[in-house]
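# Structure at a glance
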Amino acid sequence: MIDLHYWPTPNGKKVTILLEECGTPYNLVQCNIGRGDQFKDEFLKICPNNRMPAIVDHAPVGGGEPIGLFESGAIMMYLAEKAGKFYPQDVRGRYEVNQWIIWQMANQGPKSGECGHFRRLGDSQGDQAYAVRRFTDEVNRLFGVLNNQLYKQPYLAGNEYTIADMICYPWTVNWESQGQDINEFKYFKRWFDELSARPAVQKGMAAGSDWTVDFSKLSPEERERLRKMLYNQRARPVPA
Ligand SMILES: N[C@@H](CCC(=O)N[C@@H](CS)C(=O)NCC(=O)O)C(=O)O
């Protein structure tokens, strides 16, 4: 069985989409990033980066100790390779997929994350106009990269639907709050509509959608403790 340490965000939903597509049984373990579960010792043993998703495979190929993994790109490769689905294993096919996985992890995920952050922030921390424009333009450029690729071929890595598509999709769903209009990107939109209609994508995107954190129920002290832990994170000291 696969334990998926998860909270319903785009990075988490990449993995639930893949697990649903493969029909792989999994157990969702709440990693409530609004309450600081990502800093707990047991989670840090799997993911030293205090970010979800992370997995533990209790039945790895070849047996032996459970395998723990962090970083959604590595998790996608591992699960798809294990299932023998959505990840060609010949050299050309594999690297066609790998380059899009790395593109997503290095470009689309981080830049879209910063775009959302600065657009949501308002002006409580001063004028954010430069940051908003920089990241909104960058996300626009990245939608253009997807659109150009999907003009050439049906899926990001060629003629087949792969983990390259699954890893990019969840970060495109909130296009409106990223200041974009997907109707400008005809070939992207064809792909987006097709993926949105897949039952496994819908199931993966819905995983944990009823999980919430009601901050109004927390004491002012608890809210202050969480604010200090979650905002302006800096280096964790090594254990004494
Ligand atoms: N590159 C990482 C990014 C993971 C990431 O940023 N996760 C966020 C949620 S989407 C998180 O755990 N945030 C916790 C925090 O900010 O403290 C991956 O793709 O796995």
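Just so it is clear, the model here is predicted, and its values are computed rather than measured.

### Re the nonpolar core
- The biggest cluster of nonpolar side chains holds 59 residues, and the ones touching the most others in it are Leu18, Leu79, Ile163, Phe188 and Trp191.
- Here the element with the most residues in this core is helix α5 (residues 129-152); it accounts for 7 residues.
- Both domains that furnish three or more residues to this core are identified here as domain 1 (2-85 + 213-230) and domain 2 (91-197).

### Quick word on helix α1 (residues 10-22)
- For α1, built from 13 residues, the straight-helix expectation of 18 Å at 1.5 Å per residue is met to within 8% by its first-to-last C-alpha distance of 19 Å.
- Taking burial as the measure, the 13 residues of α1 include 11 buried ones, the bulk of the element.
- Among all positions of α1, only Pro10, Gly12, Lys13, Lys14, Val15, Thr16, Ile17, Leu18, Leu19, Glu21 and Cys22 are buried.
- Downstream of α1 by a residue or two, Gly23 has a phi angle that is positive, lying close to 70°.

### Let's talk about the domain arrangement of the protein chain
- Once the domains are mapped, the protein chain shows domain 1 (2-85 + 213-230) and domain 2 (91-197).
- Between the C-alpha centres of domain 1 and domain 2 there is a distance of 22 Å.
- Between domain 1 and domain 2, the residue contacts involve 13 residues of the former and 11 residues of the latter.
- When domain 1 packs against domain 2, the two sides together hide about 1,100 Å² of surface, and 79% of this comes from carbon and sulfur.
- On the surface where domain 1 and domain 2 come into contact, there are 0 salt bridges.
- Between the two partners, domain 1 and domain 2, sit 3 residue pairs in polar contact (both at pLDDT 80 or more).
- Looking at the side of domain 1 that touches domain 2, the elements with two or more residues in it are α1 and α3 (72-83).
- Of the residues forming the side of domain 1 that touches domain 2, the biggest block, 7 residues, is contributed by α1.
- Broken down by class, the residue content of the side of domain 1 that touches domain 2 amounts to 6 nonpolar, 3 polar and 4 charged.

### Quick look at the pattern of salt bridges
- Scanning the model with the defined rule gives 12 salt bridges in all.
- Through salt bridges with shared partners, a single network forms among Arg35, Glu222 and Arg225.

### Side note on the pairing of strand β2 (residues 26-30)
- Note: strand β1 (residues 2-6) against β2, 5 bridges, orientation parallel. Counted as the bridge partner of Ile2 is Tyr26 from β2.
- At this point the chain moves from β1, through α1, to the parallel β2, and the crossover so formed is right-handed.

### Quick word on the packing of α1 against α3
- Interaxial distance between α1 and α3 falls to 10 Å at its minimum, and their mutual angle equals 5°. Accordingly, the angle class assigned to the pair α1 and α3 is roughly parallel. Residues Asn11, Lys14, Val15, Leu18, Leu19 and Cys22 of α1 pack against Ser72, Ile75, Met76, Leu79, Ala80 and Ala83 of α3.
- Residue composition of the contact of α1 with α3, by class: 9 nonpolar, 2 polar and 1 charged.

What counts and what doesn't
Residues numbered from 1 in each chain as written. Predicted model: local features only at pLDDT ≥ 70, side-chain atom pairs only at ≥ 80, totals over all residues. Heavy atoms only, no water. Core = buried A, V, L, I, M, F, W, Y, C linked by side-chain atoms within 4.5 Å. Buried < 20%, exposed > 50% of the residue type's maximum accessible area, 1.4 Å probe, protein only. Helix = DSSP H or I, 4+ residues; strand = E, 2+ residues; numbered from the N terminus. Domains from an automatic or database assignment. Expected span 1.5 Å × (residues − 1). Contact = heavy atoms within 4.5 Å. Buried area = accessible area lost by both parts, 1.4 Å probe. Salt bridge = Lys/Arg side-chain N within 4 Å of Asp/Glu carboxyl O. Polar contact = N/O pair within 3.5 Å; in protein donor to acceptor, adjacent residues only side chain to side chain. Nonpolar A, V, L, I, M, F, W, Y, C, P; charged D, E, K, R; others polar. Pairing = 2+ DSSP bridges. Right-handed = clockwise from strand over helix to strand, strands pointing away. Axes fitted to C-alpha atoms, helices over the stretch in contact; angles between N-to-C directions. Parallel < 35°, antiparallel > 145°, perpendicular 65-115°, else oblique.

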